[in-house]
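The residues making up each chain are set out below.
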Amino acid sequence: MDFESFRAEVKRVVSGDKVIESRGELMLYSYDASPAESAIPRMVIQPETTNEVSEVIKLANEYLIPIVPSSGRTSLHGGPIPYNGAVVLDLMRMNKVLEVNLEDSYVHVEVGVRLDELNAELARHGHFFPPDPASSTAATVGGSLANGAGGMRGAKYGTVKDWVLGAEVVLPTGEPVFMGCRTLKCRAGYDLLSLVIGSEGTLGVITNAYLKIWPLPEAIVRLRVYFRDVVDAARAVGMIKARGFRPLIVEFLDRGTMEAVSGYVKEFTYPRDSEAMLIIDLDGPPEAMKRYIDSMVNILKGAGGYEIEWTGDKDEMDRIYMARRAAYPALLRLFSGMRVMPEDISVPPSRLPEAVKGIGSIASKYGLKIVTWGHVGDGNLHPNIIYNPNDQSSVSKLYSVSRELGLMAINLGGTVSSEHGIGVLKKDLLTSELEVKGIAQLRLMKAIKRVFDPNNILNPGKVIDID
Amino acid sequence: MINDQVKLLVEKYSLTRCARCNFCESVCPTYAATRRRIHGPRGRIWLIIYLSQGIDVNSDEYDGLLSCLNCRACNQVCPAGIEIAEAIHDAKALLVRNALK
């Protein structure tokens, strides 16, 4: 590894103002939003074009310099942390919405555009891009594609993998290629694009993408319901789906979440005997809403729901949603000196009652507080583990709890990561999941990594270890 | 000596509460203009923390702190409720006072 020659060559292909080498600024790339160990990169490069990305990666491949692509750096698993003197490729300067094409129903966008910025632009055209991770304010198109992001609307619209038509990808050898198609149907050989989506920057650097877009819902009605038993709330989700409803969102908040929010937002109150709350959004034509609501209220009552409220008024909808929106800030402010690790598991919706109970048992076993909310329409739970970063025993419990939650999800037929990814924190759990599903897949994954990236220069050590 | 003063500032605003979610950067006008993280709230907060730990900050990074417009957009979106703009303002005052000595 001849870093001096690499540095000189990089400055030949990108201008000096796009290369960062001062220590303080490099340190700003040493972390993400997870508890993973930090590491300072040797250099940060801020390319503006696919060509610049390609030239830099060619050099990295030639000089065997590890490269970590990143943008919003909001990851929750250590994926963009530059271990072993890696160079960070910061894609935030590639931030243009290139084309909104309503006739062909796509948006062509560079990867440094944040999801909320993208949706603000699309809303002007009456459309939206459905995947909506909670971090959409800060999360970018590139990070979302690389991490297979989902969000609240996942139950109805799936995750980013369902919304990408094609993408320009720079391979770890530096060759730019266009994967996928611009058309909805696409059978051009093996589906390499699907391999790259969710590969966390280990198989290629996405520089721009053609994303599917969808018309904004004609009308939305929001319902709020409480349950005296978390298991009833979880059961209600299965009943809603079994009756043929596909709500836009079904958000679950446990009692711990409601307590935290009420301690932070004075206007928020909840019935003292309730153990869980669901927020449900139904979308569709305005004339069908009354029928939908009547039917939904019946289902919820049948499942043990009470104090059911519904509204189509925007301010009222915001008021109901406040409980969910304020949940994360409430945790950060109420548990001072502590940190919050948002876990991310999925189970089949029919197994939610067992999962919710299991989370309670794991919390008691380790004596750490876990506050759970989740996008339960698709069985995705976010148990938020509260730990003390300055107490080694608390940190070690955090990792034990995280591991047990993952193992529980596997046992219930679910998965260890729904929408956050594997990064460095969940590599062991990934192996555990593959042991159940067929460990031969780990061999395939390693082989795929070697075929894409023979010199192991692109985000090495993330998702899987190849040695 | 400036490190000690910066340490007090880090404590006063409990800057280490930063959960590094980066919501603040998305509303910051100076970050939007330069796309350099030293010109964004999350970057500035962590530069202040690094200063308090005795890590040297170079002139570009000082500029990053000084370029804050004090518009306070970051304060509005911070889930941890950190008074980011005020902390940066105090840090700027410390740096300038120190430079004038």
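It should be emphasised that the depicted structure is a prediction, and the values quoted were computed from it without experimental measurement.

Let's talk about the overall build of chain B
Point 1. Per the secondary structure count, chain B includes six helices and zero strands.
Point 2. For chain B, the C-alpha radius of gyration of 12 Å lies close to 13 Å, the compact-globule estimate for 101 residues.
Point 3. Dimensions of chain B along its principal axes, counting C-alpha atoms only, are 35 × 25 × 20 Å.
Point 4. If you take every contact in chain B between residues at least 6 apart in sequence, the share linking residues at least 24 apart comes to 61%.
Point 5. When the accessible surface of chain B is split by element, carbon and sulfur atoms take 53% of a total near 4,500 Å².
Point 6. Each charge class in chain B can be summarised by its mean position, and for the 13 positive and 10 negative side chains these summaries are 4 Å apart.

Comments concerning the interface of chain A and chain B
Buried accessible area, meaning the area lost when the parts come together, often serves as the stated size of an interface.
Point 1. Each partner contributes residues to the interface: chain A has 35 residues there, and chain B has 28 residues.
Point 2. Summing both sides of the interface, chain A and chain B together bury roughly 2,600 Å²; the carbon and sulfur share of this comes to 51%.
Point 3. Linking chain A to chain B there are two salt bridges.
Point 4. A salt bridge links B:Arg37 to A:Asp90, with the nearest nitrogen and oxygen atoms 3.5 Å apart.
Point 5. Seen at the junction of chain A and chain B, the total is 18 residue pairs in polar contact (both at pLDDT 80 or more).
Point 6. Looking at the side of chain A that touches chain B, the elements with two or more residues in it are α2 (23-27) and α12 (327-334) of chain A.
Point 7. By residue class, the composition of the side of chain A that touches chain B is 12 nonpolar, 12 polar and 11 charged.

A word on the environment of A:Gly126
All names here are of chain A.
Point 1. Along the chain, Gly126 falls in the loop between α4 (115-123) and β7 (127-128).
Point 2. What makes Gly126 partly exposed here is its relative accessible area of 29%.
Point 3. Taking the C-alpha atoms as reference points, Gly126 and Ala60, separated by 66 residues in sequence, lie 43 Å from one another.
Point 4. Not counting the four nearest positions on each side in its chain, Gly126 is found in contact with Trp214, Pro215 and Leu216.

Looking at the sheet that holds strand β6 (residues 106-110) of chain A
Residues and elements named next belong to chain A.
Point 1. Taken in spatial order, the five strands make up an open sheet running β5-β6-β10-β8-β9, and their pairing is antiparallel. For this open sheet the edge positions go to β5 (97-101) and β9 (176-180), each flanked by a neighbour on one side alone. Across the sheet, the mean angle separating the axes of adjacent strands is 15 degrees when strand polarity is ignored.
Point 2. Helix-sheet contacts for α4 involve β5, β6 and β10 (205-212), and the interaxial angle to β5 is about 40 degrees.

Describing the domain arrangement of chain A
Residues and elements named next belong to chain A.
Point 1. According to the domain assignment, chain A consists of domain 1 (3-92), domain 2 (93-215), domain 3 (219-328) and domain 4 (335-420).
Point 2. Here domain 2 and domain 3 have C-alpha centroids that lie 30 Å from each other.
Point 3. Contacts between the two partners involve four residues from domain 2 and, on the opposite side, seven residues from domain 3.
Point 4. Summing both sides of the interface, domain 2 and domain 3 together bury roughly 640 Å²; the carbon and sulfur share of this comes to 58%.
Point 5. Across the pair Asp283 and Lys156 runs a salt bridge whose closest N-O atoms are separated by 2.8 Å.
Point 6. Our count for the contact surface shared by domain 2 and domain 3 stands at two residue pairs in polar contact (both at pLDDT 80 or more).
Point 7. Among the residues making up the side of domain 2 that touches domain 3, the classes are represented as two nonpolar, no polar and two charged.

Concerning the pairing of β9(A)
Residue and element names in this part refer to chain A.
Point 1. The pairing of strand β8 (residues 164-170) with β9 spans five bridges and is antiparallel. Residue pairing in the sheet places Val170 in a bridge with Pro176 of β9.
Point 2. Between the antiparallel neighbours β8 and β9 lie five residues, among them Gly174 with a positive phi of about 95 degrees.

Each value, and the rule that gives it
Residues numbered from 1 in each chain as written. Chains lettered and ligands numbered in written order. Predicted model: local features only at pLDDT ≥ 70, side-chain atom pairs only at ≥ 80, totals over all residues. Heavy atoms only, no water. Helix = DSSP H or I, 4+ residues; strand = E, 2+ residues; numbered from the N terminus. Rg over C-alpha atoms; globule rule 2.2 N^0.38 Å. Contact = heavy atoms within 4.5 Å. Areas by Shrake-Rupley, 256 points an atom, 1.4 Å probe, with all protein chains shown as cover. Lys, Arg positive; Asp, Glu negative; His and termini not counted. Charge placed at Lys NZ, Arg CZ, Asp CG, Glu CD. Buried area = accessible area lost by both parts, 1.4 Å probe. Salt bridge = Lys/Arg side-chain N within 4 Å of Asp/Glu carboxyl O. Polar contact = N/O pair within 3.5 Å; in protein donor to acceptor, adjacent residues only side chain to side chain. Nonpolar A, V, L, I, M, F, W, Y, C, P; charged D, E, K, R; others polar. Buried < 20%, exposed > 50% of the residue type's maximum accessible area, 1.4 Å probe, protein only. Pairing = 2+ DSSP bridges. Axes fitted to C-alpha atoms, helices over the stretch in contact; angles between N-to-C directions. Domains from an automatic or database assignment.

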